[in-house]
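Understanding the architecture of this molecule
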Amino acid sequence: MDKLFQELSGWIVTALVFAAVTVILAGGSLLEKVGRRMEVQGEDFSLMSDCEAVASVCERKEPMICCIGKRVWETGESISVSQIFEAIDAEGTKLEITVMDITDQEGNSVIGCYREDMQQAVFFEKGIYTFLLKAMDKERKSCTEKRCILIDCR
């Protein structure tokens, strides 16, 4: 009797698992068919004014940072950021430039050579110095670029 009970319980568990898997698969395909037939009423937000405003800000070009001054400077010479770099937004308006970091040719930070209050840098050793610059327009679109200058005593 014990052996018969063990054999039947194995068959019953197998049949229950098979029935559960069959129900899950059939239910999933049934729900998918019902979902395809349902029509969902929705609003079209693309014509609303705030959506258009967000789209215009997203399509706006980011500011550009370009080099306008000379690229070779003397050692010990005071270099104003506004003398060598210029940032403009999509309309051509000049923007303020923020110096994030200055590195030498080995990649070491030399931001200590820069005076933020005067926006000037003075380099006492010759080499190539890379400025990490950032500009942000009135719509808060920003641009971050690296620009190099050469310090030489020729």
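Computed from a predicted structure; not experimentally measured.

Tallying secondary structure elements over the protein gives 3 helices and 10 strands in all. For the protein, the N- to C-terminal ordering of α and β elements is α-α-β-β-β-α-β-β-β-β-β-β-β. Long-range pairs, those at least 24 residues apart, make up 55% of the contacts in the protein with a sequence separation of at least 6. Counting only carbon and sulfur atoms, one obtains 59% of the accessible surface of the protein, whose full area is about 11600 Å².

This paragraph deals with the sheet that holds strand 5 (residues 94-95). In spatial order, the strands read 1-4-5; together these 3 strands make up an open sheet with antiparallel pairing. Edge positions in the open sheet fall to strand 1 (64-67) and strand 5, since each of these has one partner strand only.

Let's shift gears to the nonpolar core. Counting 22 residues, the largest nonpolar core has Phe-85, Ile-102, Phe-123, Phe-131 and Ile-149 as its most contacted members. Elements with a contribution of two residues or more to this core: helix 3 (81-84), strand 4 (85-88), strand 6 (97-103), strand 9 (127-136) and strand 10 (142-151). Take this core: its biggest share by element is 4 residues, from strand 9. Ignoring any residue separated from it by four or fewer positions in sequence, one finds Ile-149 in contact with Arg-71, Trp-73, Ile-79, Ile-84, Phe-85, Phe-123, Gly-127, Ile-128, Tyr-129 and Phe-131.

A word on the pairing of strand 4. Where strand 1 and strand 4 come together, 4 bridges link them in antiparallel fashion. Following the sheet pairing, Cys-67 is matched in strand 4 by Phe-85. What sits between strand 4 and strand 5 in their antiparallel hairpin is a turn of 5 residues, with Gly-92 showing a positive phi close to 95 degrees.

This model, assessed by the stated rule, comprises 7 salt bridges. The partner of Glu-91 in a salt bridge is Arg-60, with the nearest N and O atoms 2.8 Å apart. Remark: Arg-60 occurs in the loop between helix 2 (49-59) and strand 1 and Glu-91 occurs in the loop between strand 4 and strand 5; sequence separation between them is 31 residues. Sharing partners across several salt bridges, the network here consists of Arg-60, Asp-89, Glu-91 and Asp-137.

As a further point, take the sheet that holds strand 3 (residues 78-80). With respect to topology, 3 strands assemble into an open sheet ordered 3-8-7, the strand pairing being antiparallel. On the outer flanks of this sheet lie strand 3 and strand 7 (114-115), each paired with one strand and no other.

With that out of the way, let us pick up the pairing of strand 9. By the bridge criterion, 6 bridges tie strand 6 to strand 9 in an arrangement that is antiparallel. In the strand pairing of strand 9, Thr-98 is matched with Lys-134. Sheet analysis places strand 9 next to strand 10, joined by 10 bridges and oriented antiparallel. Following the sheet pairing, Gly-127 is matched in strand 10 by Ile-151. Where strand 9 folds back onto strand 10 in an antiparallel hairpin, the turn is made up of 5 residues, including Arg-140, whose phi is positive at roughly 70 degrees.

Moving on: the side chain of Thr-130. Structurally, Thr-130 is set in strand 9. The residues touching Thr-130, leaving out its near neighbours within four places in the chain, are Asp-101, Ile-102, Thr-103, Lys-146, Arg-147 and Cys-148.

About the criteria used
Residues numbered from 1 in each chain as written. Predicted model: local features only at pLDDT ≥ 70, side-chain atom pairs only at ≥ 80, totals over all residues. Heavy atoms only, no water. Helix = DSSP H or I, 4+ residues; strand = E, 2+ residues; numbered from the N terminus. Contact = heavy atoms within 4.5 Å. Areas by Shrake-Rupley, 256 points an atom, 1.4 Å probe, with all protein chains shown as cover. Pairing = 2+ DSSP bridges. Core = buried A, V, L, I, M, F, W, Y, C linked by side-chain atoms within 4.5 Å. Buried < 20%, exposed > 50% of the residue type's maximum accessible area, 1.4 Å probe, protein only. Salt bridge = Lys/Arg side-chain N within 4 Å of Asp/Glu carboxyl O.

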